[in-house]
2 protein chains.
Amino acid sequence: MQVKVAGRTGFCFGVKRAINIAERTIRENRCRGAIYSLGPIIHNPQVVEALSKKGLCVIKDISRVNHGTVIICSHGAPKDLIEKIKDKGKGIKLVDATCPFVKYAQDIVSRLKKQGYGVIIVGDKEHPEVKALLSIAEKPLILSSSLKKKGKGERVRIGVISQTTQNKENYLKEVGDILQYDFSEVRIFNTICSDTSLRQALTRRLLDECDVMVVIGGKNSANTRRLWQICRDCGVDSYHIETGAELKKEYFENKKCVGVVSGASTPEAMVKKVVKSIKKMS
Amino acid sequence: MQVKVAGRTGFCFGVKRAINIAERTIRENRCRGAIYSLGPIIHNPQVVEALSKKGLCVIKDISRVNHGTVIICSHGAPKDLIEKIKDKGKGIKLVDATCPFVKYAQDIVSRLKKQGYGVIIVGDKEHPEVKALLSIAEKPLILSSSLKKKGKGERVRIGVISQTTQNKENYLKEVGDILQYDFSEVRIFNTICSDTSLRQALTRRLLDECDVMVVIGGKNSANTRRLWQICRDCGVDSYHIETGAELKKEYFENKKCVGVVSGASTPEAMVKKVVKSIKKMS
């Protein structure tokens, strides 16, 4: 059985940057007390576990935190939560590890709001990135899941952005629905990050050549889940795993070629380990 | 046979305004010499003929005109042509009868150009309205008829506007193609005028009830031709006429209900005459 690995694996720019920021913060701020991250710094449980062993404590609630260092994770954090932390005073040092591509999307929402556009965010409303974007929009016009036509005569100016890890096809489908409104102007921003687009394109390419796909990455990772979704939509047998321990020999029975792809928060070392395990099974 | 007339007939706001401007200009400027219009003031040969009898002379070329009054028609005129007329000095008085909805589209193109957007105009490139818009865009990105995908990596900011008399469905189809580009932002403006949208909607309504359609208006009228196109696309027998003289008895043989619609530059009186003729034939 042949094993084909996607041309792009390992951490994306934003994930690498967030991990570097976390490691440096741990190193340099130990004397300032505990070091927290607001939610997992990236969506890969194994990496988060390793950082936790180095001293990074994942928290959701900041109500009891009055001292130490708090890192905003790569997906960003809701505006009001950041304000609350700042209000706690000098006892807390705030470190921002938000991915610059996410920050770019946040800046667009902020600008659209100032210019009087109704803001639509296409994405998973439970995802921390989208929650942060929603907090900036304050009154988002509509969410992709609750899209409704406006009444006649309401000609609106709409700004549309996407979660950075969206699939462009899905995004354009939602945009198509939005364009059915009686709008006066719709501004569509391509906020899908280039790493996401590239991994999706490479996954599609492998789908043409392989009869089974292994998608490696956090089960909570939106971009990894989308790669898996693309595979399933193509009708090819596909397995989303975090580590090689989840692989089963039967996945590869009677298969000729396995494609291996990974999310933006999956370490390169993990991809290599999984490829080794697959080769052993074939 | 029943005859159903669309709920909206007669001149639209922009046409009515252009005719009023032309008539007032003829009245008030006779002493200043000849009165010209740059192309037909509206796209209805019968109305243009009537205005010509009152003293309005339609011209295409201004090279020999050095004196008198020149009216810019309801569809607007190319920027360089207007500049040329202004350069001729005080001998020529310039009167602008451009429809305010067309002017709104021109202002958008002008603003987009200043802000560094590539401009796409969806419409018939031979139509005077589109020619005027193109002259403002100077370097339009692409025309609907020559839409091509940009190379990878070229992430562009695009502004899209439509000819004011477009069909929204056609427009959104073109927008769908544009969204396939590797864009960073696409701004879509709804520059289709409300009168056009209303007449199209009312035409669709009549198509549900009628088995033959009569579309009245200038053969050179873009908005009338689009109404006719909507009828033909529905597979209902449809006839585009300028006057009742073009009607034939056989059009209505074995028909139960005839729908009558008219363009934005068709006089109400003409609609009434045609309805009378149809009733006589049935």
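Shown above is the structure to which this text applies.
Along each chain, residue indices are assigned from 1 in the same order as the chain's sequence is written. A letter from A marks each chain and a number from 1 marks each ligand, given out in the order of writing. Residues qualify for local features only when their pLDDT is at least 70, as the model is predicted, and side-chain atom pairs are given and counted only at 80 or more; totals for whole chains, interfaces and linings, by contrast, use all residues. Hydrogen atoms and water are omitted, and side-chain values are computed over all heavy atoms in the structure.

1. What to know about the packing of aromatic side chains
Phase 1 of the analysis: Any two rings among Phe, Tyr and Trp, with Trp reduced to its six-membered ring, count as a pair given centres within 6.5 Å; such a pair is stacked if its planes are under 30 degrees apart, edge-to-face if over 60, and tilted if neither. Inspection of every chain in the model, using the stated rule, returns 6 aromatic pairs over all chains.
Phase 2 of the analysis: When the centroid spacing of 3.6 Å and the interplanar angle of 5 degrees are considered together, the rings of Tyr239(A) and Tyr251(A) count as stacked. Of this pair, Tyr239(A) sits in strand β11 (residues 237–241) while Tyr251(A) sits in the loop between β11 and β12 (257–262), and the two are 12 residues apart along the sequence.
Phase 3 of the analysis: By relative accessible area, which is 14% here, Tyr251(A) ends up buried.
Phase 4 of the analysis: Taking the centre distance of 6.2 Å and the plane angle of 80 degrees together, the rings of Phe13(B) and Phe101(B) count as edge-to-face. Here Phe101(B) lies in helix α4 (residues 100–114) and Phe13(B) lies in helix α1 (residues 13–29), a separation of 88 residues in the sequence.
Phase 5 of the analysis: A 1.4 Å probe rolled over the protein chains alone gives each residue an accessible area, and that area as a share of the maximum for its type sets the label: buried under 20%, exposed over 50%, partly exposed in between. The exposure class assigned to Phe101(B) is partly exposed, which follows from its relative accessible area of 34%.
Phase 6 of the analysis: Through successive ring pairs, a cluster of aromatic residues spans Tyr239(A), Tyr251(A) and Phe252(A). Every helix listed is a DSSP run of H or I at least four residues long, and every strand listed is a run of E at least two residues long, numbered separately from the N terminus.

2. Overview of the pairing of strand β6 (residues 118–122) of chain A
Residues and elements named next belong to chain A.
Phase 1 of the analysis: For β6, a buried count of 5 out of 5 residues is recorded, marking the element as mostly surrounded by other parts of the structure.
Phase 2 of the analysis: Strand pairing follows a simple DSSP-based rule, namely that at least 2 bridges must link the two strands. Where β6 meets strand β8 (residues 156–162), 5 bridges bridge the pair, whose relative direction is parallel. Counterpart to Val-119 in the pairing with β8 is Gly-159.

3. Description of the sheet that holds strand β1 (residues 2–5) of chain B
Residues and elements named next belong to chain B.
Phase 1 of the analysis: Strand order in this open sheet of 4 strands is β1-β12-β10-β11, and the pairing throughout is parallel. Each having just a single partner strand, β1 and β11 (237–241) make up the two edges of the open sheet. The sheet shows a mean angle of 20 degrees between the axes of neighbouring strands, taken without regard to direction.
Phase 2 of the analysis: Note that strand β10 (residues 212–216) and strand β12 (residues 257–262) share 5 bridges and pair parallel. Of the residues in β12, the one forming a bridge with Val-215 is Val-261.
Phase 3 of the analysis: Lying over the sheet, helix α8 (residues 222–233) contacts β10, β11 and β12, oriented at roughly 170 degrees with respect to β11. Lines fitted to the C-alpha atoms define the axes, with helices restricted to the stretch that makes contact. Angles between their N-to-C directions range from 0 to 180 degrees. By definition, residues are in contact when any of their heavy atoms lie within 4.5 Å.

4. Examining the packing of α4(B) against helix α5 (residues 128–137) of chain B
All names here are of chain B.
Phase 1 of the analysis: One can describe the packing of α4 onto α5 by two numbers: an axis separation of 9 Å at closest approach and a directional angle of 20 degrees. As the angle between them shows, α4 and α5 are arranged roughly parallel. In this structure, α4 meets α5 at a crossing whose hand is right-handed. Contact with α4, carried on its side by Val-102, Ala-105, Gln-106, Val-109, Ser-110 and Lys-113, involves Glu-129, Ala-132, Leu-133, Ile-136 and Ala-137 of α5 and no other residues of that element.
Phase 2 of the analysis: Only Asp, Glu, Lys and Arg are considered charged in this grouping, and only Ala, Val, Leu, Ile, Met, Phe, Trp, Tyr, Cys and Pro are considered nonpolar; every other residue, Gly among them, is considered polar. In terms of residue class, the contact of α4 with α5 is made up of 7 nonpolar, 2 polar and 2 charged. If an angle is under 35 degrees, it is roughly parallel; if it is over 145, roughly antiparallel; if it lies from 65 to 115, roughly perpendicular; otherwise it is oblique. Handedness of a helix crossing follows the sense of rotation of the near helix relative to the far helix, less than a right angle counterclockwise being left-handed and clockwise being right-handed.

5. Some remarks on the pairing of strand β2 (residues 35–38) of chain B
Residue and element names in this part refer to chain B.
Phase 1 of the analysis: Burial along β2 is two-sided: Ile-35 and Ser-37 facing one way and Tyr-36 and Leu-38 facing the other are all buried.
Phase 2 of the analysis: Bridge count for β2 against strand β3 (residues 56–59) is 4 bridges, and the pairing is parallel. Its bridge partner lying in β3, Leu-38 is registered against Ile-59.
Phase 3 of the analysis: Between the parallel pair β2 and β3, the chain is carried across by helix α2 (residues 45–54), and the sense of this crossover is right-handed.
Phase 4 of the analysis: Pairing geometry for β2 and strand β4 (residues 68–72), over 4 bridges, is parallel. Within β4, the position partnered with Tyr-36 by the bridge is Val-70. Seen with the strands pointing away from the viewer, any crossover whose path from the first strand over the helix to the second strand runs clockwise is right-handed.

6. What about the side chain of Thr196(B)?
Residues and elements named next belong to chain B.
Phase 1 of the analysis: Within the fold, Thr-196 resides in helix α7 (residues 194–209).
Phase 2 of the analysis: We classify Thr-196 as buried; its relative accessible area is 6%.
Phase 3 of the analysis: In this view, Thr-196 contacts Thr-164, Thr-165 and Gln-166; residues no more than four positions away in its chain are not counted.

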